[in-house]
Every structure is written in structure tokens, then in C-alpha cells.
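# Structural description and commentary
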Amino acid sequence: MFEVHLSEKARSLKPSSTLAVTARALELQRQGVNVVSMAAGEPDFDTPDHVKEAAIAAIRAGRTKYTPVQGVPELRQAIADKFARENGLSYTADQVTVSTGGKQALFNAFFALLDPGDEVIIPAPYWVSYPEMVAFAGGVPVPVDTRPEDGYDLDVDAVRAALTPRTKAIVINSPANPTGAVYPEATLRAIADLAVERGLVIVTDEMYEHIIYDAEHVSIATFAPEHTLTINGASKAYAMTGWRIGYSAGPLPLIRAMNAIQGQSTSNANSVAQWATVAALQDSPESRAFIERGRGLFRERRDRIVAGLNELGLPTPLPQGAFYVMADTTSINPDELEAARVILDDARVAVVPGTDFRAPGRVRLSYATSLEKIEEALARIGKLTGVGV
Ligand SMILES: Cc1ncc(COP(=O)(O)O)c(C=O)c1O
């Protein structure tokens, strides 16, 4: 029988472990097993009504054709205005490009930046896709570890020590997935200074900027605008994961190269979703109230899950942003893959092992789920650890 020989690139790409755990939990649920999933990477509430209405109006108005590769001008202007209003960043609409999710924006960026062997500094624990994307684009991911006892803050001296003549870029993700870390302004300033000194590009992923608690979001581009590509999107802020809208802003030559790459792959992001995102990003009482409400819900859940996991004997630092916690599960099993398997098979709670995040001995739990589900998950895990809450 003929067997398709897959490319080296395809064979070396690791499937996303987060999606794999979510899929396994869904499969168990389909088989009738009652699983509480703490694996999700998306808000559990619905897209706001005014955004849905804008999409419906766009469909009715026939805005259903190809758009410019970089996005409709109205959306790029709304994004430039958002950057000015919320982040103190000054971009023209030409310096903005719209993609199919933040994921595609990052993909385009790494393909536009990296030659074979170019190194990219990635603070760890990291979102699983960064090293995979860098490697897929021909680059070399260089992790720089951060520690829970430092609130996962990035040590600029450790970054400096990891630089080589091949270092091209550094990824910043604050608030971070999976750690929830929010870097202090001093760290961001020091990284920006280093990028200027050493001629590096900063790729900053600010997807979780609005899901932040006792800290202020600061965009690193304010300190080194010429060195920075700022990436953001509608997915997490406006509960729009399925609409697939991400966007980037930065130096014009880089944005043009990203447009050229996108023009030969997906062309434009979905036209209807672009019009929906105009409504989400324009300053309105509805959009502001939605973000405030989400932040309040996530804060309540964060406080409960962190307290609960610590009571169960699973040390868990209090994160300042995003909707994930990293629990130390070495008391269940020193190997986090085994711990995650036991938590799923015996407690029927889906969590993501830290392995692919470079977080040994820990698992990631998402609290983008109801308080009732959080209580249920804690009760189930409590039976495993024998502590109970
Ligand atoms: C840190 C981070 N960046 C980017 C993304 C991609 O988001 P999207 O492609 O939905 O915009 C995610 C999604 O989980 C994420 O956690």
C-alpha cells in the first residue's frame, strides 16, 4: 500500500498538548464519563451581544467578500485607536495588520523575522506554541527559565547570559500563559533597553492584557517602539475565540513582510469577524462593561482556586493575570505527566501537564469555568490528595 512520506517539518511539529488534553476530556465526556475540564484556554461566557449584532449587520450588508490582506481599513483604524487609547502607542493604520487569530499573527511574524539558525529567547514556562512556531520557521528556541518563588518574573541578567551573536528576537508574554505572571514595569524597561543595545526584535503577545488583577498592563512597545511587534487579539478579551481575529502593529517593513506571507497563505481574516471586531474594539460602554465583568468573575475564581489548591497541599502561587494557575503536583507524582494522568483517570478532572510548558512538577489548571465547576474539581482532587476542602 502507498504510504505518504511526510516532510521533515510536518514530522517534527509537536501537536498542541493543551488541545490534546481538551480533546481527550471531550472524548471521555462523549462516552458518558463525567469529567470536569480545567484545560480550556477560552472564556466560558459568550461573545457580547453588540458584537454579534455587528456581525449580523455585516452579513446583511453583504460584507462577505475578500477584504484587503491586512484587514478592512475601518478595523485597522479601530485597532490603531485602541492602541493609542489603551496602551499609549502611536501607530498608523498602515502599521496594523489583521490575521486569523493571534496564532497566525505570531506565525507570520516568525516567518518574516527568522533565517535558519536564528535564535529566539523565550521565557519559560512558556505557551506551548512559541517554541514550535519558532522551530517551524527555521529558528532555534532558547528558553530562559523563570521561577515560581520570583512570581515568574524574568531575570534580565539571565536573558543577557542567553544572548549569542545569533539571537534575533525575544518573546514577551505578559500577562502570561501558563504562569499568569505580569512583568513589573522595571523588567519591561530593562528588556527594552537590552533590545535596543543588542539590536533585537521584541515580539510581545498581549492577548491577556485585560485579564489582569492587582497590576497594571504596560505595553513594552512604549519603551522601544522601533524594536517591537505588538500582537493582540479579540479571543480572550471579548470571548471571541471562535471568530479567529488577531492583530499586530509594529515597524512598517516587518508589517509589510507579514502581509506578504499572509497574502500567500490565508489572504484575509474572515470578513464578518473583522466587522464584529470593529464593534468590540471601539470605545463603548458595552465593551468596557464586558471587560470589567469578565475581570471580576475571573478574580473571584482565581482567589477560590488558588486558596483551594493550597489547602489541598498542592502549592500554587497567586497569579496576577490571565486565567491559569500552575499547581505543584509532586505530592501526587513527581512526574507531572503521570500526575495529570492520575488526576484525569482517578479524579476525572482534566488538567494540562507542565511538560510542554517547560514546567516540571506542575500542571496547569484553567479557571475559565464556573465557580461550581471549580468547587467540584477541588472536591475531586481532594479525594486524591486525601485532604479534602
Ligand atoms: C499566550 C497566547 N497567545 C496567543 C494565543 C492565540 O490566541 P488566538 O489565536 O485565539 O488569537 C493564545 C491562545 O490560547 C495564548 O494563550
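For the structure shown, the criterion picks out 13 aromatic pairs. Taking 5.3 Å as the distance between ring centres and 70 degrees as the angle between the ring planes, the aromatic pair formed by F83 and Y91 counts as edge-to-face. Per residue, the accessibility class of F83 equals that of Y91, and both read buried. Centroid distance F83 to Y247: 5.7 Å. Interplanar angle 75 degrees. Geometry classified as edge-to-face. Here Y247 lies in strand β8 (residues 246–249) and F83 lies in helix α4 (residues 73–87), a separation of 164 residues in the sequence. In this structure, F83 and Y247 share a single accessibility class: buried. Joined through ring pairs, the aromatic side chains of F45, Y208, F290, F298, F323, Y324 and Y367 make up one cluster. Across from the ring centre of W275, 3.7 Å away, lies the NZ or CZ of R63, which sits over that ring.

Within soluble globular proteins, side chains that are nonpolar generally end up buried alongside one another. Judged by nonpolar contacts, the single largest core of 62 residues is most densely connected at M38, I305, V349 and L365. There are two domains that each give this core at least three residues, and those are domain 1 (8–46 + 287–385) and domain 2 (49–283). Leave out the neighbours within four places in its chain, and L365 touches M38, I305, L309, F323, Y324, V325, A327, V351 and I381. Within the second largest apolar cluster, 39 residues are counted, among which are L28, L114, A124 and I255.

This part is about the sheet that holds strand β12 (residues 362–366). Read across the sheet, 3 strands follow the order β9-β12-β11 without closing on themselves; strand pairing throughout is antiparallel. Of all strands in the sheet, those with a lone pairing partner are β9 (324–328) and β11 (352–353), marking the two edges. Note that β11 and β12 share 2 bridges and pair antiparallel. What sits directly across from V352, in β12, is R364. Against the sheet, helix α11 (residues 285–311) makes contact with β9 and β12, and its axis sits at roughly 5 degrees relative to β9, the strand it touches most.

The next point concerns the sheet that holds strand β5 (residues 167–172). Read across the open sheet, the 7 strands follow the order β2-β8-β7-β6-β5-β3-β4; overall the sheet is mixed. The outermost strands of the open sheet, each flanked by one partner alone, are β2 (96–99) and β4 (140–145). Taken pair by pair, the neighbouring strands of this sheet meet at an average axis angle of 25 degrees, ignoring direction. Here strand β6 (residues 201–205) pairs with strand β7 (residues 228–233) via 4 bridges, running parallel. Each bridged residue has a counterpart across the sheet, and for I202 the counterpart in β7 is T228. Its contacts with the sheet place helix α5 (residues 101–113) against β2, β3 (119–124), β5, β6, β7 and β8, and it is angled at close to 160 degrees to β7. Sitting on the sheet, helix α9 (residues 252–263) is in contact with β2, β7 and β8, with an inclination near 25 degrees to β2.

It is at 10 Å that the axes of α11 and helix α13 (residues 371–385) come closest, and there the two elements cross at 5 degrees. Overall, the two elements α11 and α13 adopt an arrangement that is roughly parallel. Contacts from E300, R301, R304, I305, G308 and L309 in α11 reach L371, I374, E375 and L378 in α13.

Further remarks concern the domain arrangement of the chain. Think of interface size as the accessible area that goes away when the parts come together; that is how it is often given. Here the domain parsing of the chain yields domain 1 (8–46 + 287–385) and domain 2 (49–283). Measuring from the centre of the C-alpha atoms in domain 1 to the corresponding centre in domain 2 gives 24 Å. Of the residues lining the interface, 36 residues belong to domain 1; the matching set on domain 2 comes to 38 residues. Approximately 3200 Å² of surface area, both sides summed, lies buried where domain 1 meets domain 2, with 57% of it carried by carbon and sulfur atoms. The largest share of the area that domain 1 buries against domain 2 comes from S287, Q320 and R358, three residues that together contribute 20% of it. Where domain 1 touches domain 2, the interface holds 5 salt bridges. Between D145 and R358 there is a salt bridge; the shortest N-O distance is 2.8 Å. Remark: the boundary between domain 1 and domain 2 carries 22 residue pairs in polar contact (both at pLDDT 80 or more). Those elements that provide at least two residues to the side of domain 1 that touches domain 2 are α1 (8–12), α2 (17–30), α11, β9 and β12. Broken down by element, the side of domain 1 that touches domain 2 gets its largest block of residues, 8 residues, from α11.

Basis of the calculations
Residues numbered from 1 in each chain as written. Predicted model: local features only at pLDDT ≥ 70, side-chain atom pairs only at ≥ 80, totals over all residues. Heavy atoms only, no water. Phe/Tyr/Trp six-rings, centres within 6.5 Å; stacked < 30°, edge-to-face > 60°. Buried < 20%, exposed > 50% of the residue type's maximum accessible area, 1.4 Å probe, protein only. Helix = DSSP H or I, 4+ residues; strand = E, 2+ residues; numbered from the N terminus. Lys NZ or Arg CZ within 6 Å of the ring centre and 35° of its normal. Core = buried A, V, L, I, M, F, W, Y, C linked by side-chain atoms within 4.5 Å. Domains from an automatic or database assignment. Contact = heavy atoms within 4.5 Å. Pairing = 2+ DSSP bridges. Axes fitted to C-alpha atoms, helices over the stretch in contact; angles between N-to-C directions. Parallel < 35°, antiparallel > 145°, perpendicular 65-115°, else oblique. Buried area = accessible area lost by both parts, 1.4 Å probe. Salt bridge = Lys/Arg side-chain N within 4 Å of Asp/Glu carboxyl O. Polar contact = N/O pair within 3.5 Å; in protein donor to acceptor, adjacent residues only side chain to side chain.

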